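An overview of the molecular structure
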Amino acid sequence: MASLTYGKYLRLKELLACQAPESAKAGRPAHDELLFIVTHQAYELWFKQCLHELDAVIAIVGADFVHERDVGRALHYLERVIRIQGVLLDQIDILETMTPLDFLDFRNLLTPSSGFQSAQFRSLENRLGLERTQRLRYNEAEYEAALDASDRRRVGAAEREPSLFDVVEAWLARMPFVRSPEFDFWREYRANVTRMLDEDRETIERKAQLPAAARRAQLDELERTRETFEAVFDPVKYERLRAARQRRLSYPAFLAALMIMLYRDEPILQGPFRLLTALVEIDENLSLWRYRHALMVHRMIGTKIGTGGSSGQDYLRRTVEAHRVFLDFFNLSTYLIPRSMLPRLPAEVREQLGFRWNA
Ligand code: HEM
């Protein structure tokens, strides 16, 4: 049997035969079309790798019991996704060496195809946990309308399975330490938040130079902050925020995430803290990509509609805000208080949260 070669292992004959410019087929080759094709194909390969990593993370975090060392492994894969996202962002710089006029040499030949039909991109969104109800409508239809039957099946399967958001939420909701018989953390936290906000009120009231209208506005703002904090202590108020779609996490998951953020210096909470931070970073990078892509589209086609028929860069820009997945973890910062005001953990609780080898 012939020995394995580099080319055979990587199936390079097939891979390098997959670039077929439409402009050449039409008899007027456009130099930059190869760059356009190679860039998209490189994206799809990286999307494949990201899906592979996310599937592994979902399996780990979705297990009935998640050991500390498993959190480390999940984190490792998420950090890989973050690095890949860096490359995905950088690839835009390469594609932008193609000028709008060069793009026009072959753009019309691409109609009606569009990046909107990337099944792997939709699967990524679904595996992360983008909800159907969040999605902006495209050409007055659900997103699958743009996909062919086999892609629709694949993307649908990715949507039906539990997403990364789902498994992280369930894992947080069953986290121990959030309520401890030895220590009513939330009562003490509430007392300190009240003290912090009362001090802020006094500061505003004491500002002698402040015009009355500005003082009123600042005090109103302070009361709104107080209301926001109330949702932490009152599940009914929290559920109201959820019903208004201002929060997505369940109440127990939200409390656990907040506790992790506040006490992340405790050794056992380090892994969970880094995991939540990785989710924030992935969401931020995806938003950055969406925005960079929208700017690139504006630069390439101005305000023309897309080859797929959408309002082009206008639709894409709106997805930057509408298609966020881990927004709740960004919003946790609202509820942080200075370390100096954090309730001190009783010795038994600290013991549980620490590693013992140096005890
Ligand atoms: C010259 C460069 C590009 C232009 C002018 C362009 C244009 C567009 C436009 C106008 C849309 C909106 C849908 C439509 O009506 O067609 C779109 C969507 C999309 N494009 Fe691009 N694109 C470019 C490069 C890329 C690259 C390199 C990728 C990498 C995979 C990509 C992936 C996507 C994806 C995933 C969507 C769907 C986004 C969403 O619905 O949130 N595009 N593109």
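First things first, this report covers the structure right here in the doc.

Definitions and cut-offs
Residues numbered from 1 in each chain as written. Predicted model: local features only at pLDDT ≥ 70, side-chain atom pairs only at ≥ 80, totals over all residues. Heavy atoms only, no water. Helix = DSSP H or I, 4+ residues; strand = E, 2+ residues; numbered from the N terminus. Buried < 20%, exposed > 50% of the residue type's maximum accessible area, 1.4 Å probe, protein only. Contact = heavy atoms within 4.5 Å. Areas by Shrake-Rupley, 256 points an atom, 1.4 Å probe, with all protein chains shown as cover. Lys, Arg positive; Asp, Glu negative; His and termini not counted. Charge placed at Lys NZ, Arg CZ, Asp CG, Glu CD. Core = buried A, V, L, I, M, F, W, Y, C linked by side-chain atoms within 4.5 Å. Phe/Tyr/Trp six-rings, centres within 6.5 Å; stacked < 30°, edge-to-face > 60°. Lys NZ or Arg CZ within 6 Å of the ring centre and 35° of its normal.

**Focus: the overall build of the protein chain**
- A tally of regular secondary structure across the protein chain gives 17 helices and zero strands.
- Burial analysis of the protein chain (359 residues in total) assigns 45% to the buried set.
- Counted over contacts in the protein chain with a minimum sequence separation of 6, partners at least 24 positions apart contribute 75%.
- For the protein chain, the accessible surface area stands at approximately 20000 Å², while carbon and sulfur atoms represent 56% of it.
- Charged side chains in the protein chain number 51 positive and 52 negative. The centres of these two groups are separated by 1 Å.

**Quick notes on unusual backbone geometry**
- In this chain, T111 is followed by P112 through a cis amide linkage whose omega measures 0°.
- Along the chain, the position of P112 falls in the loop between α6 (100-104) and α7 (119-128).
- The residue R245 is not glycine, and still its phi comes out positive at about 60°.
- If you trace the backbone, R245 turns up in the loop between α12 (235-243) and α13 (251-262).
- When its relative accessible area of 52% is taken as the criterion, R245 is described as exposed.

**Topic: the nonpolar core**
- L164, V168, L172, Y189, F254 and F329 are the most contacted members of the largest nonpolar core, which has 105 residues in total.
- For this core, the leading source of residues is helix α14 (residues 267-301), giving 16 residues.
- Those residues within four positions of L164 in sequence are excluded, and the remaining contacts are L54, V57, I58, L78, R127, L128, L279 and F326.

**Describing the packing of aromatic side chains**
- The final tally for this structure, using the stated rule, is 20 aromatic pairs.
- The interplanar angle of 45° and the centroid separation of 5.6 Å between the aromatic rings of F121 and W289 together place this pair among those described as tilted. Taken together, the residues F121 in helix α7 and W289 in helix α14 connect sequence positions 168 residues apart.
- Judged by relative accessible area, which is 11%, F121 ranks as buried.
- In textbook terms, an aromatic cluster arises when at least three aromatic residues are bridged by ring pairs, as seen for F185, W186, Y189, F229, F233, Y238, Y251, F254, Y263 and Y335.
- A cation sits over an aromatic face here: R248 above F165, 3.7 Å from the ring centre.

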